[in-house]
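Architecture at a glance
Residues per chain are reported as follows:
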Amino acid sequence: MEVFKEKSIAEKYQQRKIWQSNSVGRIPRKEKQTKLGENFCLMKSPHLIMFQHIDNGEKGFFSVANISVIPFEVKRIFWIFDGKDNRIAGEHAHKKAEQLLVALQGKISITTEARSGEKQEFLLDESHKALYIPAHCWQKIEYLGNAALLCFSSMEYNSSDYIRTYNEFKNA
């Protein structure tokens with residue numbers, strides 16, 4: 001008979017440290033904070049973040065988003081579902097809020113535009129793929145098929161944080 005042995009705090013810490021170092025896309029918080037000044041442009045431009053993706057055999061797949069992978073403190077989470085095929089949404093920017101978008105179902109095409117005028121296109125087509133959108137970045141979202149979008153935001157809802165017209169965005 002096998003006896004259950006409680007792990008010591010040191011063993012738990014070491015196991016957690018190993019598990020975290022194996023997580024896909026993980027950037028330790030301290031590292032992010034120290035590199036922020038050095039790589040500010042890189043960190044503050046739209047980019048994909050890959051979550052850990054696990055095949056659980058017959059039970060299916062699941063994704064794990066460790067909070068340390070999200071490049072800001074999450075203050076609000078919301079989701080949009082029943083995103084009809086070719087429906088356009090978004091078409092706004094935020095003055096302060098940063099966002100992380102995930103397609104939980106279906107495919108979502110997102111076009112971003114930085115204040116510099118640089119445009120990028122992203123396709124969210126897997127639930128372990130997320131798009132980071134910094135503040136002052138115009139976003140246009142197109143739902144491709146019946147899609148569901150999950151959004152993590154760095155701010156609670158505040159209507160005054162929205163830049164709702166493209167002209168206002170370009171003149172900000």
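Nothing here was measured: the structure is a model prediction, and the numbers come from that model. (Residues numbered from 1 in each chain as written. Predicted model: local features only at pLDDT ≥ 70, side-chain atom pairs only at ≥ 80, totals over all residues. Heavy atoms only, no water.)

Each helix and strand counted, the protein chain has four helices and 10 strands in total. Going residue by residue from the N terminus, the α and β elements of the protein chain occur as α-α-α-β-β-β-β-β-β-β-β-β-β-α. Each of the 172 residues in the protein chain was classed as buried or not, and the buried ones make up 34%. Counting contacts in the protein chain only where the partners sit at least 6 residues apart, residues at least 24 apart contribute 78% of the total. With the model as given, the accessible surface of the protein chain reaches about 11,000 Å², and the carbon-plus-sulfur share is 54%. (Helix = DSSP H or I, 4+ residues; strand = E, 2+ residues; numbered from the N terminus. Buried < 20%, exposed > 50% of the residue type's maximum accessible area, 1.4 Å probe, protein only. Contact = heavy atoms within 4.5 Å. Areas by Shrake-Rupley, 256 points an atom, 1.4 Å probe, with all protein chains shown as cover.)

This part covers the pairing of strand β6 (residues 99-113). As paired elements, β6 and strand β8 (residues 129-133) share four bridges and run antiparallel to each other. Bridge pairing in β8 places Val102 opposite Ala130. In this structure, β6 lies alongside strand β9 (residues 138-153), joined through 13 bridges in antiparallel fashion. Each bridged residue has a counterpart across the sheet, and for Val102 the counterpart in β9 is Leu150. (Pairing = 2+ DSSP bridges.)

On to the environment of Val74. Tracing the backbone shows Val74 in the loop between β3 (61-64) and β4 (76-83). Of the residues examined, Val74 reaches a relative accessible area of 25% and is grouped as partly exposed. Linking Val74 and Ser153, residues 79 residues apart in sequence, is a C-alpha distance of 5.6 Å.

Residues Leu101, Ile108, Ile110, Leu124, Ile141 and Tyr143 are the most contacted members of the largest nonpolar core, which totals 15 residues. No other element matches the five residues that β9 contributes to this core. When near neighbours in sequence (up to four residues on either side) are disregarded, Ile108 contacts Ala103, Phe122, Leu123, Leu124, Ile141, Glu142, Tyr143, Ala147, Ala148 and Leu149. (Core = buried A, V, L, I, M, F, W, Y, C linked by side-chain atoms within 4.5 Å.)

With a phi close to 45°, Glu91 is a non-glycine residue in the positive phi region. Checked against the element boundaries, Glu91 lands in strand β5 (residues 87-94).

As a further point, take the pattern of salt bridges. Taken as a whole and assessed by the stated rule, the structure comprises five salt bridges. With a closest N to O distance of 3.0 Å, Lys170 and Glu113 form a salt bridge. Taken together, the residues span a long stretch of sequence, with Lys170 in helix α4 (residues 166-171) and Glu113 in strand β6 at a distance of 57 residues. Residue Glu126 pairs with Lys129 through a salt bridge whose shortest N-O separation is 3.9 Å. Judged by relative accessible area, which is 35%, Glu126 ranks as partly exposed. Accessibility expressed as a relative area gives 13% for Lys129, which makes it buried. (Salt bridge = Lys/Arg side-chain N within 4 Å of Asp/Glu carboxyl O.)

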